[in-house]
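# Structural characterization, general
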Amino acid sequence: MQKKDICILIAEDEPYTRDVLVHYIPWEQLGISQIWEAGNGQTALDLALQHKPDIVLSDIRMPKLNGIELAKAIRKEDKNCRFIFLSAYTDREYLKSAIQIRVVSYVEKPVNIPEIKQAEEVAVAEILAQREFLEMRRKEKESTSGEYADTDELLFVKNLSSESTPCINKAIDRILKNYSDEKLNISQLAGQLYLSSNYLSALFKKETGKTINQFITQVRIHHAKKYLKDNSLSLNAIALRTGYHDANYFSKVFKRETGITPKAFRENLP
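Only a predicted model underlies this, so the values are computations on that prediction, with no experimental measurement involved. (Residues numbered from 1 in each chain as written. Predicted model: local features only at pLDDT ≥ 70, side-chain atom pairs only at ≥ 80, totals over all residues. Heavy atoms only, no water.)

## Here's the deal with the sheet that holds strand S5 (residues 105-108)
On the basis of which strands lie adjacent, the open sheet formed by 5 strands has the order S2-S1-S3-S4-S5 and parallel pairing. Where the open sheet ends on each side, the last strands, each with one partner, are strand S2 (32-38) and S5. Taken pair by pair, the neighbouring strands of this sheet meet at an average axis angle of 15°, ignoring direction. Pairing of strand S3 (residues 55-59) with strand S4 (residues 82-87), which is carried by 5 bridges, proceeds in the parallel orientation. In the strand pairing of S4, Ile55 is matched with Arg82. Strands strand S1 (6-11), S3 and S4 of the sheet are contacted by helix H4 (residues 67-77), whose axis makes an angle of about 170° with S4. (Pairing = 2+ DSSP bridges. Helix = DSSP H or I, 4+ residues; strand = E, 2+ residues; numbered from the N terminus. Axes fitted to C-alpha atoms, helices over the stretch in contact; angles between N-to-C directions. Contact = heavy atoms within 4.5 Å.)

Structure (structure tokens):
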């Protein structure tokens, strides 16, 4: 996906610092096409609500609204906005608040252009990854023509929203594509996403309401039900197609999840 239509709001009450940020960062090179600027937190909030920027680069200490208050107010209206904070103060309470609202980066003053540029690159990469994922899901939903419309098991349909973080979207995408791999597990996903297993597990549970293992099982059982409609496929073949090493184990998991055996499910199909 091309870098386009990414907008940034720069909120900084010091005119000189704001001028440096606006004019000395290679915004076009980073893929950012439009910049708004504000000299205080309230003006920044008004601009943010009007224009809905993809990224807010904000000083933490500003008149009228500080950076944390600004970010929280924007978050109520826009769950996807990325925040990068600037501050001359290493205040732990501010840092804790910044973590709670999913800040991309926290950069200390005086302004360091390479450091700002690096933080912006991370934010742009997250935005593009999320856009690409959501576009892919949209196309897949169109191509399946309502394939999942009568399915209650696949909670991921409800969970795939614009509020999900890019790494969780990527984890979900990998599960949907690789559910037939018997070795698919938390460790494998975490390694592919360059995250620790514990962190990925906690974040996945927080955002989807399901553990990764529960989600993998749901996806596998959903596809198993589709395969069971094909009488030419043996239970062993279906087990292998859905990531289970043998038919007995597959049947055990299927019954645990649905309340009936695969054989009974097949026999009761209309």
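## Regarding the nonpolar core
Generally speaking, soluble globular proteins have nonpolar side chains that are buried together. One finds Leu9, Ala44, Val56, Leu70, Ile74, Phe83 and Phe85 to be the most contacted residues of the largest nonpolar core, which totals 22 residues. Each residue touching Ile74, except ones within four places of it in the same chain, is listed here: Leu45, Ala48, Val56, Cys81 and Phe83. In terms of nonpolar packing, the next biggest core, distinct from the first, is built from 20 residues, Ile8, Leu30, Ile55 and Ile84 among them. (Core = buried A, V, L, I, M, F, W, Y, C linked by side-chain atoms within 4.5 Å. Buried < 20%, exposed > 50% of the residue type's maximum accessible area, 1.4 Å probe, protein only.)

## Let's talk about the pattern of salt bridges
Counting across every chain of the model gives 6 salt bridges. Glu14 is the salt-bridge partner of Lys109, the closest N and O atoms lying 3.7 Å from each other. With Lys109 in the loop between S5 and helix H6 (113-144) and Glu14 in the loop between S1 and helix H1 (15-23), this pair connects stretches of sequence that are 95 residues apart. Given the relative accessible area of 15%, Lys109 is considered buried. Residue Glu14 is classed as partly exposed on the basis of its relative accessible area, which comes to 37%. Across the pair Arg256 and Glu257 runs a salt bridge whose closest N-O atoms are separated by 3.2 Å. Classification of Glu257 as partly exposed rests on a relative accessible area of 38%. Put simply, Glu12, Glu14, Asp59 and Lys109 are held in one network by salt bridges that share partners. (Salt bridge = Lys/Arg side-chain N within 4 Å of Asp/Glu carboxyl O.)

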